[in-house]
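# Fold and contact review
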Amino acid sequence: QVSLVESGGGPVFAGGSLRLACVASGNYGMGWFRQAPGKQREFVAAITYSGGVKDYADFVESRFIISRDNAKRTTYLQMNFLKPEDTAVYYCTGRRRLDVLVRDITLWDYWGQGTLVSVSS
């Protein structure tokens, strides 16, 4: 059974940092999406299994860094200079295709339960 388990969310002040982690039960291409209240789930970042290729949404503006440790089957999202508009539930996602990154939500195979990030001004 496939599982993706996120951790690391919580409250933070604007300008602060958080690091999210996602532990997967298998080997996948990995990504992060987020969903703010009343909005659709949107792409944040993705990384190939090798870690050699990464993709970021434009709104990240170099503030976030996605990385992975395959020995631990863990993917990270380091978020710096957080803004109130970054407030959302952040979802870890996995894809059986290891080497191609996509932003289309329908092309991701597995999802975690989400972790809430709340940024206050």
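Residues numbered from 1 in each chain as written. Predicted model: local features only at pLDDT ≥ 70, side-chain atom pairs only at ≥ 80, totals over all residues. Heavy atoms only, no water.

## Let's talk about the overall build of the protein
Check the secondary structure of the protein and you find 0 helices and 11 strands. Helices (α) and strands (β) of the protein occur, in sequence order from the N terminus, as β-β-β-β-β-β-β-β-β-β-β. Expressed as a percentage of the 121 residues in the protein, the buried residues total 45%. Sequence separation of at least 24 residues holds for 58% of the intrachain contacts in the protein that already meet a minimum separation of 6. Entry remark: accessible area of the protein is about 6200 Å², with carbon and sulfur atoms responsible for 51%. (Helix = DSSP H or I, 4+ residues; strand = E, 2+ residues; numbered from the N terminus. Buried < 20%, exposed > 50% of the residue type's maximum accessible area, 1.4 Å probe, protein only. Contact = heavy atoms within 4.5 Å. Areas by Shrake-Rupley, 256 points an atom, 1.4 Å probe, with all protein chains shown as cover.)

## Regarding the environment of Ser 25
Within the secondary structure layout, Ser 25 lies in the loop between strand 3 (18–24) and strand 4 (29–35). For Ser 25, a relative accessible area of 30% translates into the label partly exposed. The spatial distance from the C-alpha of Ser 25 to the C-alpha of Leu 98 is 14 Å, given a sequence separation of 73 residues. Discounting residues that sit within four places of it in the chain, Ser 25 has contacts with Gln 1, Val 2, Ser 3 and Arg 73. Polar contacts involving the side chain of Ser 25 include one to the main-chain amide nitrogen of Ser 3, which spans 2.8 Å. (Polar contact = N/O pair within 3.5 Å; in protein donor to acceptor, adjacent residues only side chain to side chain.)

## Let's talk about the pairing of strand 8 (residues 74–79)
The buried count for strand 8 comes to 5 of 6 residues, which makes it a mostly enclosed element. Sheet topology places strand 3 next to strand 8; 6 bridges connect them, and they run antiparallel. For Cys 22, the partnering residue across the bridge sits in strand 8 and is Thr 75. In this structure, strand 7 (residues 64–69) lies alongside strand 8, joined through 6 bridges in antiparallel fashion. Opposite Ile 66, over in strand 8, you have Leu 77 as the bridge partner. Between strand 7 and strand 8, which pair antiparallel in sequence order, lie 4 residues; one of them, Arg 73, sits at a positive phi of approximately 55°. (Pairing = 2+ DSSP bridges.)

## Quick notes on the nonpolar core
Inside soluble globular proteins, nonpolar side chains tend to come together where they are buried. If you look at the biggest cluster of nonpolar residues, it comprises 31 residues, and the most contacted ones within it are Met 30, Trp 32, Val 44, Phe 64, Leu 77, Met 79 and Tyr 90. At the level of elements, strand 3, strand 4, strand 5 (42–47), strand 7, strand 8, strand 9 (88–95) and strand 11 (115–120) are the ones that each hand at least two residues to this core. Looking at this core element by element, the count peaks at 5 residues for strand 5. Here Met 30 is in contact with Leu 4, Cys 22, Ala 24, Ala 46, Ile 47, Ile 66, Arg 68, Thr 75, Cys 92, Thr 93, Gly 94 and Trp 108, once residues within four sequence places are set aside. (Core = buried A, V, L, I, M, F, W, Y, C linked by side-chain atoms within 4.5 Å.)

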